[in-house]
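Chains, contacts and geometry: an overview
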Amino acid sequence: MNSGGGGGGPDDVVAVAALIDELKSEDVRLRLNSISRLSTIAAALGPERTRNELVPFLVDMNDDDDECLMAVAEHIPSLVTSVGGDEFVHALLLPLESLSTVEETVVRQKAVEGLVKVGERCDRASAMEHFCPLVKRLATGEWFTARVSACGLFACALEKVSSNGNGGEEEKKMIAQLRSLFGQLCDDETPMVRRAAATNLGKVAEASVEDKQFINDEVLNWFGKLTADEQDSVRLLAVDDCVSLSKLVSEEERLKSIVPVALKFSSDTSWRVRYAVAQQIYELCEIIGADFAREDLFPAYENLLEDAEAEVRIAAAAKVSKFCALAGPERSRENIIPRVRELAKDASQHVRAALASVVMESAPTLGKEETVNQLLPIFLVLLKDEFPDVRLNVIGKLDQVNEVIGVDTLSKELLPAIKDLAEDRHWRVRLAIIEYIPILATQTGESSFLFSKEASTSDSENNSAEDVLNSLCLRWLADPVSSIRQAAGQNLQNLTALFGSAWAKEHVIPKLESLLQTEKNYLVRVTVASTLGMLAEKVDEGDITGTLFPIAKAAAADSVANVRFNIAKSLEKMAKSVSAGSAIRTEILEVLDGLKADADVDVQFYASEARNAF
């Protein structure tokens with residue numbers, strides 16, 4: 001391939017020539033740069049020269065770097081327009097065919113993806129002449145790499161030549177040949193090929209969905225061979241075929257050919273196969289229906305919940321709520337919930353974390369009474385788990401608990417546990433609780449849960465409302481973790497929006513004023529200064545005038561510059577929240593003018609920014 005351009009100005013010709021030279025460079029980076037601009041080169045060469053020069057060059061490109069080969073495979077499908085459109089799209093098949101036989105797996109996968117994209121652009125005649133012969137060559141290749149790649153192309157080839165039984169003899173002959181070759185690959189001597197065949201069996205069946213006899217006779221026969229394979233890596237891939245094939249066959253064939261396989265797999269000697277079953281068994285139950293699943297598949301799932309391998313229990317635990325909904329309240333109460341109770345005490349933290357994510361989703365199925373009696377104790381055990389991931393997953397589902405058990409039970413059973421988590425040693429748990437507090441407040445419909453004396457840590461204590469508030473919300477303002485302090489301010493803003501300006505004036509603002517006056521840690525004062533601005537956006541103008549602004553004005557003289565420039569930011573929010581031309585806005589702007597003359601440049605900057613907003 002010479003570097004003569006097919007058009008454009010002299011500068012374009014030189015640039016394209018440089019890119020072509022880079023394709024031959026020994027420097028990997030230069031080759032990658034040129035490969036990424038193949039479409040530019042092709043556009044400059046024109047369709048005819050791209051087909052006659054660039055494509056053959058890519059076919060013969062013996063690059064020893066896998067990254068370059070993968071880049072070529074990725075960019076070739078983008079050259080469809082450059083070779084002349086769909087009429088000449090088959091020209092791109094040869095370089096991709098070459099790449100689909102290399103040893104590196106990721107390159108082959110990318111090449112197969114490209115071949116499918118190009119194959120989909122072929123019309124039936126082009127597919128018969130070019131794409132299907134390519135698939136046949138790969139399927140009969142000497143090296144297993146070619147046969148592995150071929151498995152991913154059969155579905156596309158069959159879709160292209162299939163015509164719902166209306167094709168000519170040539171098409172029917174080609175379909176028969178392709179199916180025969182795929183059947184051979186299902187029984188190939190190399191496990192990697194059989195794995196690829198198992199992965200694509202469902203797609204091949206879907207491509208021939210109109211031919212029920214082929215699916216019942218041939219596909220299910222191949223399926224049976226793959227499910228009996230000696231390699232567990234093949235059998236576990238065949239598990240996915242249980243679901244995809246169930247959607248294509250009759251109810252009779254499902255119960256005869258697929259359900260028995262799923263049951264056999266659920267007790268397979270390989271934990272990886274049982275793990276795959278645990279992931280897919282719910283979908284299979286959905287397809288065949290609860291009535292048929294109740295006799296065989298439900299017991300199989302219940303056994304998976306007690307599997308000896310933790311990974312299997314994790315996958316099974318993640319389906320608990322879905323199975324409860326499918327099984328109904330009675331079977332759930334008798335067969336599933338007792339096993340769930342044991343999983344809540346499982347030795348593996350990952351099992352408990354998976355369970356914590358879904359267990360309360362079963363509440364609507366069981367109803368309020370059974371939820372309180374059966375699920376809530378499990379939930380509370382998980383809420384106090386020693387591992388933070390378990391507690392975090394529980395907290396993420398607290399809203400589902402509230403919707404079922406009601407406010408009275410919530411206040412009695414759940415709030416004490418939430419209060420303990422508010423002081424959890426892991427900051428992510430504390431952050432999750434902070435974010436949950438406004439949701440909880442919304443569902444209770446009243447703010448008293450934050451301040452009631454019943455929230456005391458023991459019966460002997462007689463904490464005041466203010467003490468309890470400190471223990472839950474205001475204490476987070478002084479947390480050692482910055483993200484917690486910021487979330488605490490946002491939390492107070494959300495609660496103010498929910499409970500109103502009068503609530504904030506009585507319970508929050510006096511505490512903020514006290515912290516600004518007495519707290520020695522400047523980081524806490526910075527957080528409070530920022531929180532004043534957040535509250536200003538939610539309280540009445542009268543409360544800004546009477547409480548927030550006087551507090552901010554006093555804090556504008558704080559000894560630490562970080563506090564002062566955060567006050568400047570909050571003053572800007574206060575000014576925007578009051579009426580234009582009002583006396584209070586004038587006073588706010590005067591304080592900002594004073595901060596503009598501050599000795600610290602950062603304070604000057606933020607004060608000027610705030611002042612310039614008006």
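Since the model is a prediction, treat every value here as computed from it, not as a measurement.

1. Brief notes about the environment of V219
Checked against the element boundaries, V219 lands in helix α13 (residues 212–227). A sequence separation of 37 residues divides V219 from F182, and the C-alpha atoms of the two residues are 9.8 Å apart. With residues near it in sequence (within four places) discarded, V219 still touches L201, A205, F214 and L245.

2. Considerations on the packing of helix α22 (residues 349–358) against helix α24 (residues 388–395)
Running from N to C, α22 and α24 point in directions that differ by 5 degrees, and their axes come no closer than 8 Å. What the angle tells us is that α22 and α24 run roughly parallel. The residues of α24 that touch α22, namely those facing Q349, R352, A353, A356 and S357, are V390, N393 and V394. Grouping the amino acids of the contact of α22 with α24 by side-chain chemistry returns four nonpolar, three polar and one charged.

3. Details of empty space enclosed by the protein
According to the stated counting rule, one finds one cavity of 30 Å³ or more in the structure shown. For the largest cavity, the calculated volume is near 50 Å³. Around the largest cavity sit V239, C242, V243, A262, F265, V277, Q280, I281 and L284, which together line it. Among the elements of the structure, α14 (232–246), α15 (251–266) and α16 (271–288) are those that each provide at least two residues to the lining of the largest cavity. Broken down by element, the lining of the largest cavity gets its largest block of residues, four residues, from α16. Broken down by class, the residue content of the lining of the largest cavity amounts to eight nonpolar, one polar and no charged.

4. Details of the UniProt feature "repeat: HEAT" (unreviewed entry) in the chain
UniProt feature "repeat: HEAT" (unreviewed entry): in the numbering of this structure it lies at residues 15–53, 258–296, 297–335, 336–374, 375–413, 414–449, 508–547 and 548–586. Annotated as 79% helix and 0% strand, the span residues 297–335 places its first and last C-alpha atoms 13 Å apart. Overall, residues 336–374 shows 77% helix and 0% strand. The separation of its end C-alpha atoms is 11 Å.

5. With respect to the environment of Y282
Mapped onto the fold, Y282 is located in helix α16. Taking the C-alpha atoms as reference, Y282 lies 9.1 Å from F298; in sequence the two are 16 residues apart. Ignoring anything within four residues of it in the chain, the contact list for Y282 reads K319, K322, F323 and L326.

What counts, and where the lines are drawn
- Residues numbered from 1 in each chain as written.
- Predicted model: local features only at pLDDT ≥ 70, side-chain atom pairs only at ≥ 80, totals over all residues.
- Heavy atoms only, no water.
- Helix = DSSP H or I, 4+ residues; strand = E, 2+ residues; numbered from the N terminus.
- Contact = heavy atoms within 4.5 Å.
- Axes fitted to C-alpha atoms, helices over the stretch in contact; angles between N-to-C directions.
- Parallel < 35°, antiparallel > 145°, perpendicular 65-115°, else oblique.
- Nonpolar A, V, L, I, M, F, W, Y, C, P; charged D, E, K, R; others polar.
- 1 Å grid on protein atoms, 1.4 Å probe; cavity = no way out; pocket = protein on both sides within 12 Å on 5 of 7 lines; lining within 4 Å.
- Points joined across faces, edges and corners; volume = space filled by probe spheres on them.
- UniProt positions renumbered as here; feature names shortened; annotations may be inferred.

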